[in-house]
Amino acid sequence: MTHATLAAICKCNATRACCTVASTFPFNKHPSLVAKDKRFYKERQSFVCIDGSKMIPFELVNDDYCDCEDGSDEPGTAACPNGRFYCTNLGFRPHYIPSSRVNDGVCDCCDASDEYNSHIRCQNSCRNLGQRERADVQGQMKTLDDGLRLKQQLIEEGVLLWREKQSQLRDLEQVAEDLQVQLEEHRRRKQETDRIMESAVEANGVRRPNTTVTSIFHELDSNRDGSITVDEVQANVVFALDEERVLSEDEALALLAGEHQMDISRFQHTLWNVLRTGDSVKIKGIHGESHRLIDEDHINAAKSAAEREAAALKKVEEAYETANAEISDLKRRLTIDYGPDWEFLFLGSQCYHLKVYEYTYTLCPFNQVTQQSASGAEVSLGTWSTWAGTPGNLYCQMRYESGEPCWQGPTRNTMVTLTCGTETALRSVKEPSKCQYVMDFQTPVACQPVLEQQGVHSEL
Ligand code: MAN
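Criteria and thresholds
- Residues numbered from 1 in each chain as written.
- Predicted model: local features only at pLDDT ≥ 70, side-chain atom pairs only at ≥ 80, totals over all residues.
- Heavy atoms only, no water.
- Helix = DSSP H or I, 4+ residues; strand = E, 2+ residues; numbered from the N terminus.
- Contact = heavy atoms within 4.5 Å.
- Areas by Shrake-Rupley, 256 points an atom, 1.4 Å probe, with all protein chains shown as cover.
- Pairing = 2+ DSSP bridges.
- Axes fitted to C-alpha atoms, helices over the stretch in contact; angles between N-to-C directions.
- Near = heavy atom within 4 Å.
- Polar contact = N/O pair within 3.5 Å; in protein donor to acceptor, adjacent residues only side chain to side chain.
- Nonpolar A, V, L, I, M, F, W, Y, C, P; charged D, E, K, R; others polar.
- Disulfide = S-S within 2.5 Å.
- Buried < 20%, exposed > 50% of the residue type's maximum accessible area, 1.4 Å probe, protein only.
- Phe/Tyr/Trp six-rings, centres within 6.5 Å; stacked < 30°, edge-to-face > 60°.
- pLDDT = per-residue confidence, 0-100.
- Salt bridge = Lys/Arg side-chain N within 4 Å of Asp/Glu carboxyl O.
- Lys, Arg positive; Asp, Glu negative; His and termini not counted.

Please explain the overall build of the protein chain as it appears in this structure.
The number of helices and strands found in the protein chain is 9 helices and 16 strands. In the protein chain, the proportion of contacts linking residues at least 24 apart, taken out of those at least 6 apart, comes to 47%. For the protein chain, the accessible area works out to roughly 26,000 Å², and carbon and sulfur atoms hold 51% of it.

Just checking my understanding: could you explain the sheet that holds strand E12 (residues 378-387) for this structure?
Backbone hydrogen bonds are what pair the strands of a sheet, in a parallel or an antiparallel way. Pairing is mixed across the open sheet formed by 8 strands, whose spatial order is E9-E10-E11-E12-E13-E14-E16-E15. Strand pairing shows two members of the sheet lacking a second neighbour, strand E9 (352-356) and strand E15 (425-433), which therefore form its edges. Looking at each pair of strands side by side, their axes are set apart by 25 degrees on average, direction ignored. Where strand E11 (residues 368-372) lies against E12, 5 bridges are found, and the strand directions are antiparallel. Across the sheet, the residue bridging to Gln 368 is Thr 383, located in E12.

For this particular structure, what's the right way to read the site of the ligand?
As a structural note, the neighbourhood of the ligand is formed by Tyr 359, Gln 371, Cys 406, Arg 412, Glu 431, Lys 434, Cys 435 and Tyr 437. Contact between the ligand and Arg 412: an oxygen atom at 3.0 Å from a side-chain N or O atom of the residue. The separation between an oxygen atom of the ligand and a polar side-chain atom of Tyr 437 is 2.7 Å. Here the ligand loses 70% of its free accessible area of 310 Å² to cover by the protein chains. Across the shell around the ligand, the residue classes break down as 4 nonpolar, 1 polar and 3 charged.

What am I meant to see in the state of the cysteines here?
Note on terminology: disulfide describes a covalent bond linking the sulfur atoms of two cysteines. This structure, assessed with the given rule, holds 8 disulfides. Disulfide pairing places Cys 107 opposite Cys 122 at an S-S distance of 2.1 Å. With the S-S bond torsion at -90 degrees, the cross-link from Cys 107 to Cys 122 turns out left-handed. Here Cys 107, found in the loop between strand E4 (95-98) and helix H3 (126-203), pairs with Cys 122, found in the loop between E4 and H3; they are 15 residues apart in sequence, far enough to count as distant. Judged by relative accessible area, Cys 122 falls into the buried class, the value being 17%. Linked covalently through their sulfurs, Cys 406 and Cys 435 form a disulfide whose S-S length is 2.1 Å.

It is not clear to me how the packing of aromatic side chains should be interpreted in this structure. Could you clarify?
How two aromatic rings sit relative to each other is given by the distance of their centres and the angle of their planes. Per the stated rule, a full pass over the model turns up 16 aromatic pairs. The interplanar angle of 55 degrees and the centroid separation of 6.4 Å between the aromatic rings of Phe 267 and Trp 272 together place this pair among those described as tilted. Judged by relative accessible area, which is 0%, Phe 267 ranks as buried. Overall, the relative accessible area of 4% leaves Trp 272 in the buried class.

Would you mind showing me how to read the confidence of the model for the protein chain here?
Scored by pLDDT, the protein chain comes out at a mean of 85, with 85% of its residues at no less than 70. Across residues 1-29, confidence stays below pLDDT 50; counting only partners more than four residues off in sequence or on other chains, it has 42 contacts.

Explain the side chain of His 186 here, please?
Take His 186: it is sitting in helix H3. Every residue in contact with His 186, bar those within four places of it in the chain, is listed here: Glu 309, Ala 312, Leu 313 and Val 316.

Could you clarify how one ought to interpret the environment of Glu 249 in this entry?
Counting through the fold element by element, Glu 249 comes out in helix H6 (residues 249-255). Among the residues examined, Glu 249 registers a relative accessible area of 58% and is labelled exposed. Taking the C-alpha atoms as reference points, Glu 249 and Asp 231, 18 residues apart in sequence, are found 7.9 Å from one another. When neighbours within four sequence positions are excluded, Glu 249 is seen to be in contact with Val 230 and Gln 234.

Looking at this structure, how should I read the pattern of salt bridges?
It is possible for side chains of opposite charge to pair when their charged atoms get near one another. In total, this model carries 18 salt bridges according to the counting rule given. For Glu 317, the salt bridge is made with Arg 187, and the minimal N-O distance between the two is 3.8 Å. With Glu 317 in helix H9 (residues 296-334) and Arg 187 in helix H3, this residue pair connects regions lying 130 residues apart in the sequence. The shortest N-O distance in the salt bridge between Lys 314 and Glu 318 comes to 3.5 Å. Here the residue Lys 314 and the residue Glu 318 both occupy positions in helix H9, the gap between them amounting to 4 residues, near one helical turn. The exposure class of Glu 318 is partly exposed, given its relative accessible area of 41%. Residues participating in the shared-partner salt-bridge network are Glu 185, Arg 188, Arg 189 and Glu 309.

Hey, could you run me through the side chain of Lys 151 in this one?
Considering the arrangement of structural elements, one finds Lys 151 in helix H3. Of the buried charged residues, Lys 151 lacks a salt bridge, with Glu 343 as the closest side chain of opposite charge at 4.5 Å. Setting aside residues no more than four positions away along its own chain, Lys 151 makes contact with Glu 343, Pro 444, Val 445, Cys 447 and Gln 448.

Which parts of the structure should I look at to understand the pairing of E9?
The two faces of the sheet receive side chains in turn, since in a regular strand these alternate between them. Sheet topology note: the E9/strand E10 (residues 359-364) ladder contains 5 bridges and is antiparallel. Across the sheet, Val 356 pairs through a bridge with Tyr 359, a residue of E10. Counted along the chain from E9 to the antiparallel partner E10, the turn is 2 residues long, and its residue Tyr 357 has a positive phi close to 50 degrees.

Just to check I follow, could you spell out unusual backbone geometry for this structure?
If a residue is not glycine, its phi is most likely negative; likewise, a peptide bond is most likely trans. Backbone geometry at Asn 62 places phi at a positive 55 degrees, although glycine is not the residue there. Turning to its location among the elements, Asn 62 is positioned in the loop between strand E2 (55-57) and strand E3 (84-87). Taking the relative accessible area as the measure of exposure, Asn 62 reaches 1% and is therefore buried.

Here you go:
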């Protein structure tokens with residue numbers, strides 16, 4: 001449609017929209033004009049497009065025909081595809097809408113100004129929206145206030161906790177030092193008992209094996225009556241250096257410590273000791289060095305002592321290893337960045353859970369993230385890597401990396417976003433792409449003194 005045609009229509013029919021626009025809204029009072037833009041629409045002979053590209057007669061402004069490339073000649077109609085209509089939205093937030101939405105039968109501005117010449121009637125809902133938004137902002141401000149108070153407490157606790165960890169480290173280092181001394185002592189004792197055992201075994205290596213007090217006693221007690229008599233000694237014991245000569249009764253009696261009968265417990269403390277060395281008398285019929293008897297009890301005692309020492313040493317070694325592992329774990333944890341005031345330190349000893357559908361997610365800050373299925377199987381969604389916020393707000397995101405590899409996919413990773421709240425809790429877990437997880441974690445320590453009041457302007 002040309003200007004000439006449009007002007008003709010307007011002149012002919014004053015009820016047509018294009019004409020009504022001009023008659024209903026004097027140009028410089030049109031609701032679509034932002035205060036700062038009003039200066040461009042002073043009623044004069046001509047209008048210069050705001051981008052300076054063209055000059056047109058003033059009656060062509062808002063004539064429902066787009067003349068300016070920047071759409072500035074049609075601030076109150078839908079004629080220009082790139083035109084913008086300004087919703088004043090008094091009581092709420094002002095904003096621009098594309099001009100194409102003006103009088104299109106849909107209420108876009110909460111003050112109804114975009115449908116000023118439309119078949120539908122729009123309600124002005126700006127007041128309600130403003131009230132609701134103000135209530136939301138007040139709620140957020142209260143959360144922020146409470147959160148900041150709690151954060152202050154956590155900062156104070158963080159400092160104490162930090163000192164506690166430092167002293168825990170010193171204690172552990174002392175324990176490890178003591179254990180090292182004990183370790184050296186136990187190693188020395190073990191060497192000693194091993195040596196005694198080895199020499200006991202070695203010394204008996206050439207002797208008659210499998211001999212014990214009991215077995216020799218039974219060998220001498222020919223009639224198995226539980227005691228050894230003079231006859232039995234004469235029948236079974238000979239002189240080491242003269243095996244042919246039979247012991248006299250007196251000699252046999254002397255070996256029985258002057259008694260005619262000897263039970264095993266007495267034997268153990270008298271004749272057994274004489275026979276064991278094999279120096280003066282020995283069991284008849286045994287030749288060479290093997291007439292010497294192995295003292296199994298002695299060897300067993302040495303073995304038990306060596307085993308006891310080995311067990312004691314193992315225990316101390318394990319305690320030493322545990323202490324050292326705890327020291328390196330604590331040292332590692334103390335090198336983590338817990339925020340400028342150690343305010344995030346308390347999170348290091350906690351875990352937070354959230355069940356989402358069939359999975360239970362667990363976030364153990366500065367440690368790891370896991371996912372447990374209903375069957376109980378647990379997979380790692382990543383271990384602590386680093387703070388990952390922006391340089392100006394570093395502590396608003398945590399990254400956990402190198403979790404369990406995903407079947408035919410990447411390694412599982414998790415990004416945790418920290419938001420301000422009065423409680424510390426895991427609020428949501430999502431998996432926006434396969435095996436890549438995002439968590440919303442609320443905590444007072446994420447509260448910042450300045451609330452980012454995005455989009456809330458002074459008009460409120
Ligand atoms: C498991 C879970 C899911 C993941 C699939 C990938 O079922 O860890 O979160 O998407 O594996 O195969």
